[in-house]
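This is what each chain is made of:
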Amino acid sequence: MSFYFRCPACNAKLEAEDEWDGLEAACPKCGKTITIVPDTTPETSKIQLTPITPQLSTDTQSLISLQPLSQPTPASTSSKFTFVCPFCGTLTDLDLSLQNQEYECPACCEKSIAVPATAKPCPHCGEMIKIQATICRFCKKSLTENSIPLLQTYPQEQPYPQGQSIGVRQPLPSQGLQQNPPKSLSSYILLGLFLGGIGVHDFYAGYTTRGVIKLCITIFTLGYGGIISGIWALIDICTIRKDAFGNPMI
């Protein structure tokens with residue numbers, strides 16, 4: 001089957017075969033390279049756009065046939081065929097020995113029967129076009145390698161080499177243990193016995209608030225409250241065995 005269309009440069013009416021849809025060809029009239037696309041203009045418009053070329057004969061002016069610059073190679077003369085994955089649309093050239101065999105797509109890892117593809121999805125608009133087309137008949141964009149949008153890829157995690165040991169990372173000690181080493185229990189008891197009335201043992205163990213209270217009681221009572229602070233300190237050295245950060249005193 002064939003169809004008619006017009007040269008966009010000289011407006012000449014041309015004829016082409018169906019399988020040339022989307023290919024490039026040289027116009028036999030003006031010599032410019034054009035893209036073969038079926039003419040969808042109504043017939044009345046075709047008559048109005050007929051070029052006026054009185055120098056040509058009637059037979060030449062009515063219809064000019066042309067041949068495409070490049071025709072698809074028959075599948076029988078090639079050792080490979082083009083396969084389009086029905087799941088992800090990836091195009092792959094496979095050997096003829098894999099035809100009609102079960103094939104696993106390397107892109108999506110889905111299995112299907114490998115049959116020669118007659119159509120492919122346009123990478124720009126997604127419409128199905130002929131496998132040999134170089135320009136999409138729907139969005140009119142070129143299908144050359146430089147014009148195809150790049151797909152976003154994600155880095156894949158590399159597995160550990162076989163035989164390589166995997167070290168287990170130990171958890172880091174807490175920040176409180178690093179900044180506040182364990183206190184000495186004997187020092188805490190001695191400070192509580194001799195200086196417990198002013199809360200020195202509390203400051204040593206990190207109980208700042210309690211130490212400030214004992215110190216204020218002793219100062220504001222002119223030393224008389226030291227008895228209360230001392231009794232409180234005795235209770236502390238008998239009951240408290242951890243510092244303010246929860247570390248046991250050794």
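Residues numbered from 1 in each chain as written. Predicted model: local features only at pLDDT ≥ 70, side-chain atom pairs only at ≥ 80, totals over all residues. Heavy atoms only, no water.

A. The arrangement of helix α4 (residues 185–195) in detail. Of all the positions in α4, only L185, Y188 and G192 are classed as buried. One side of α4 carries all its buried residues, which in axial view fall inside an arc of 60°. For α4, the elements touching its buried residues are α5 (200–205) and α7 (226–239). (Buried < 20%, exposed > 50% of the residue type's maximum accessible area, 1.4 Å probe, protein only. Helix = DSSP H or I, 4+ residues; strand = E, 2+ residues; numbered from the N terminus. Arc of directions from axis to C-beta. Contact = heavy atoms within 4.5 Å.)

B. View of the environment of T208. Assignment of secondary structure puts T208 in helix α6 (residues 208–220). Classification of T208 by relative accessible area gives partly exposed; the value is 45%. Residues T208 and A244, spaced 36 residues apart in sequence, show a C-alpha to C-alpha distance of 8.7 Å.

C. Representation of the side chain of K120. Tracing the backbone shows K120 in strand β10 (residues 119–121). It is D93 that comes nearest to the buried, bridge-free K120 among opposite-charge side chains, at 9.8 Å. A distance of 3.3 Å separates the side chain of K120 from the backbone oxygen of I131, its partner in a polar contact. Setting aside residues up to four positions removed in sequence, K120 forms contacts with V84, L91, E127, M128, I129, K130, I131, A133 and L143. (Lys, Arg positive; Asp, Glu negative; His and termini not counted. Salt bridge = Lys/Arg side-chain N within 4 Å of Asp/Glu carboxyl O. Polar contact = N/O pair within 3.5 Å; in protein donor to acceptor, adjacent residues only side chain to side chain.)

D. Spatial organisation of the pairing of strand β1 (residues 2–6). Two strands pair when backbone bridges link them, and β1 and strand β2 (residues 13–17) are joined in this way by 5 bridges, in the antiparallel orientation. The partner of F3 across the bridge, within β2, is A16. In this antiparallel pair of consecutive strands, β1 and β2, the connection spans 6 residues, and N11 shows a positive phi of 65°. (Pairing = 2+ DSSP bridges.)

E. Molecular detail of the nonpolar core. Grouped together as the largest cluster of nonpolar side chains are 13 residues, with contacts concentrated most on F5, C7, L14, A16, C27, I34 and I36. Going through the elements one at a time, β1 and β2 are the ones with two or more residues in this core. Not counting chain neighbours up to four residues away, the residues in contact with I34 comprise F5, C7, P8, L14, L23, E24, A25 and C27. (Core = buried A, V, L, I, M, F, W, Y, C linked by side-chain atoms within 4.5 Å.)

F. Representation of the pattern of salt bridges in the model. With the rule as written, the count across this model stands at 3 salt bridges. R210 is the salt-bridge partner of D236, the closest N and O atoms lying 2.6 Å from each other. One end of the pair, D236, is in helix α7; the other, R210, is in helix α6, and 26 residues separate them in sequence. On the accessibility criterion, D236 (2% relative accessible area) is buried. Each of D202, R210, K214 and D236 takes part in a single network of salt bridges with overlapping partners.

G. Quick look at the packing of α6 against α7. In contact at an axis separation of 8 Å, α6 and α7 are set at 155° when each is read in the N-to-C sense. With respect to α7, the axis of α6 lies roughly antiparallel. Counting all contacts with α6, which are made through R210, I213, K214, I217 and T218, the residues of α7 involved are G226, S229, W232, A233 and D236. Residues that form the contact of α6 with α7 fall into these classes: 4 nonpolar, 3 polar and 3 charged. (Axes fitted to C-alpha atoms, helices over the stretch in contact; angles between N-to-C directions. Parallel < 35°, antiparallel > 145°, perpendicular 65-115°, else oblique. Nonpolar A, V, L, I, M, F, W, Y, C, P; charged D, E, K, R; others polar.)

H. Spatial organisation of unusual backbone geometry. Although it is not a glycine, N100 sits at a positive phi angle of roughly 65°. Mapped onto the fold, N100 is located in the loop between β7 (91–95) and β8 (102–104). Phi at K140 takes a positive value of approximately 60°, unusual for a residue other than glycine. In this structure, K140 sits in the loop between β11 (128–130) and α3 (175–179).

I. Representation of the packing of α4 against α7. Two numbers describe how α4 lies on α7: the axes approach to 8 Å, and their chain directions differ by 165°. Taken together, α4 and α7 sit at an angle that is classed as roughly antiparallel. At the point where α4 passes α7, the crossing takes the left-handed sense. For the pair α4 and α7, the contacting residues are Y188, I189, G192 and L193 in the first and A233, L234, D236 and I237 in the second. Class assignment of the residues belonging to the contact of α4 with α7 gives a composition of 6 nonpolar, 1 polar and 1 charged. (Left-handed = near helix turned anticlockwise from the far one by under 90°.)

Read these as layout, nothing more, since geometry by itself doesn't imply function.
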